[in-house]
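Listed below are the residues making up each chain.
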Amino acid sequence: MGNALRFLYGHCCKPTTSDDPQSLGPHGVSSSTVGLSALAHDLFHFENTSQVPEGLSKHVVSSKKAQANWFRKLVDAWKDAKPPPRTPEEAARLVILTLKGHKKADVEGLLTFYGLPLPHTLVEVTAQPPTSLPHGVKYEMHTLPVDAKAVADGDTVTVYVSTADPRESSILPRNVHEAALHRSEARSRRNYEEADAFHKQIIDAGYRMIPFENDEILAKKYRIRLRGIDAPESAMPYGKEAKIELTKILQGKSLRVLVYGEDRYQRCVGDIYCNNIFVQEFMLKKGLAWHYTAYDKRPELETWEKEARSKRVGLWASRNPEEPWEWRKNKRGGN
């Protein structure tokens, strides 16, 4: 058994104690990981038994003999992949590339069986992170890893930046710095009530002590509004999907944010790059946001929205989706 398959089988294919039984898929894993982990599980099982999964024949048109041929190819491809697939999108690309030349109905049926993205929904991100600050950028920030709960919706996220950052260090209020020192001293004396009181002062000033690598970091809190796009509101169709997709991109990642200014809600308006992916491009191509033309005229954003429209992915699968700005206006008007 290849290390990649054994690792995924051991780490992805077992439900955690926090999984709601109602959300577990047919292979006993949470719905958020069922595609990737179930495929790893079945490849592991196939290499040991030469048996393809039960139920696959209902989704594909070829025989079980043909299915076994696919699985042999996929086992070899997964072992050779460096690194092995870690996301549903990466797993889908491996399947599509490995089974290139096979019947379209079989490839799409196999992807559907595992709940993996179909070929037309996969996104290729082309924009490269700028090597120098573009015109209009007021400052740049590099965040601590993002918590999943920090994603408010499909275009807003709360981030924290360490006060060890030169810019943050230069603007750190003296009372916050002193409160952090006093909190540390109180904790060393195990006076947690006093320490909590100092932490409240820190939080009230817009900062927080963030656990990081068995230590704590004093960090400044920022709310970021993704510049140039407008995702569906949470109560709108595809609002939940947009939030889930943005969470999948950002969770656990440190971000590079280019800040252009603030909006009327005191959110920083900026471009976000995550592992060299331009997040706005990704959300537009996924069909989970509109180009916000009232505030942003960049032609590339218009192009990416049109690409999603033409593929009818995400919200563009609907015949006439309502724009979030019109939805908000109607809500304010009491309609």
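Residues numbered from 1 in each chain as written. Predicted model: local features only at pLDDT ≥ 70, side-chain atom pairs only at ≥ 80, totals over all residues. Heavy atoms only, no water.

Draft legend 1. The arrangement of the overall build of the chain in detail. Helix and strand counts for the chain come out as 12 helices and 10 strands. Expressed as a percentage of the 335 residues in the chain, the buried residues total 45%. As displayed, the chain has an accessible area near 18,600 Å², and 50% of this comes from carbon and sulfur atoms. (Helix = DSSP H or I, 4+ residues; strand = E, 2+ residues; numbered from the N terminus. Buried < 20%, exposed > 50% of the residue type's maximum accessible area, 1.4 Å probe, protein only. Areas by Shrake-Rupley, 256 points an atom, 1.4 Å probe, with all protein chains shown as cover.)

Draft legend 2. Spatial organisation of the confidence of the model for the chain. On average, residues of the chain score 89 in pLDDT, and 90% of them reach the 70 mark or higher. In the predicted structure, residues 1-32 sits below a pLDDT of 50 and forms 41 contacts with residues beyond four places in sequence or in another chain. (pLDDT = per-residue confidence, 0-100. Contact = heavy atoms within 4.5 Å.)

Draft legend 3. Structural context of the packing of aromatic side chains. What the rule picks out here adds up to eight aromatic pairs. Arranged with centres 5.4 Å apart and planes meeting at 70°, the rings of W290 and W316 form a pair that is edge-to-face. With W290 in strand β10 (residues 290-291) and W316 in the loop between α11 (299-311) and α12 (324-332), the pair connects residues that are 26 residues apart, well separated along the chain. Grouped by ring-pair contacts, the aromatic residues W290, Y292, Y295, W316 and W325 constitute a single cluster. Over the face of the ring belonging to Y139 we find R167, whose NZ or CZ atom lies 3.6 Å from the ring centre. The residue whose ring lies beneath R227 is Y260, and the NZ or CZ to ring-centre distance is 3.6 Å. (Phe/Tyr/Trp six-rings, centres within 6.5 Å; stacked < 30°, edge-to-face > 60°. Lys NZ or Arg CZ within 6 Å of the ring centre and 35° of its normal.)

Draft legend 4. Up close: empty space enclosed by the protein. Tallied over the entire structure, the rule returns one cavity of 30 Å³ or more. In this structure, the largest cavity occupies an estimated 30 Å³ of space. Y139, E140, M141, H142, V161, D165, R167 and E168 are the residues that line the largest cavity. Sorting the residues of the lining of the largest cavity by element identifies β1 (139-142) and α6 (166-171) as the ones contributing at least two each. In terms of residue count, β1 provides more of the lining of the largest cavity than any other element does, four residues in total. (1 Å grid on protein atoms, 1.4 Å probe; cavity = no way out; pocket = protein on both sides within 12 Å on 5 of 7 lines; lining within 4 Å. Points joined across faces, edges and corners; volume = space filled by probe spheres on them.)

Draft legend 5. Molecular detail of the pattern of salt bridges. Going through the model one piece at a time under the given rule, you end up with 25 salt bridges. Residues R183 and E216 are paired through a salt bridge, measuring 2.7 Å at the closest nitrogen-oxygen approach. Remark: E216 occurs in strand β5 (residues 215-226) and R183 occurs in helix α7 (residues 174-188); sequence separation between them is 33 residues. Residue E326 pairs with K329 through a salt bridge whose shortest N-O separation is 3.4 Å. Here E326 and its partner K329 are both found in helix α12, three residues apart, which amounts to about one turn of the helix. Shared partners join several salt bridges into a network, and the residues in it are D155, R225, D230, E233 and R328. (Salt bridge = Lys/Arg side-chain N within 4 Å of Asp/Glu carboxyl O.)

Draft legend 6. View of the environment of K64. As for its position among the elements, K64 is in helix α3 (residues 64-80). Beyond its immediate sequence surroundings of up to four residues, K64 is in contact with V52, E54 and S57.

Draft legend 7. Examining the packing of α3 against helix α4 (residues 88-98) more closely. It is at 10 Å that the axes of α3 and α4 come closest, and there the two elements cross at 125°. By the angle class used here, α3 and α4 are oblique. In this structure, the crossing between α3 and α4 has a hand that is right-handed. Seen from α3, the contacting residues are K73, L74, A77 and W78; seen from α4, they are A91, L94, V95 and T98. Residues belonging to the contact of α3 with α4 are distributed by class as follows: six nonpolar, one polar and one charged. (Axes fitted to C-alpha atoms, helices over the stretch in contact; angles between N-to-C directions. Parallel < 35°, antiparallel > 145°, perpendicular 65-115°, else oblique. Left-handed = near helix turned anticlockwise from the far one by under 90°. Nonpolar A, V, L, I, M, F, W, Y, C, P; charged D, E, K, R; others polar.)

Draft legend 8. Structural view of the layout of surface pockets. What the second largest pocket holds in volume is close to 600 Å³. By residue number, the principal contributor to the lining of the second largest pocket is α12, which donates four residues. Each residue belonging to the lining of the second largest pocket can be placed in one class, and the counts come to eight nonpolar, three polar and 14 charged.

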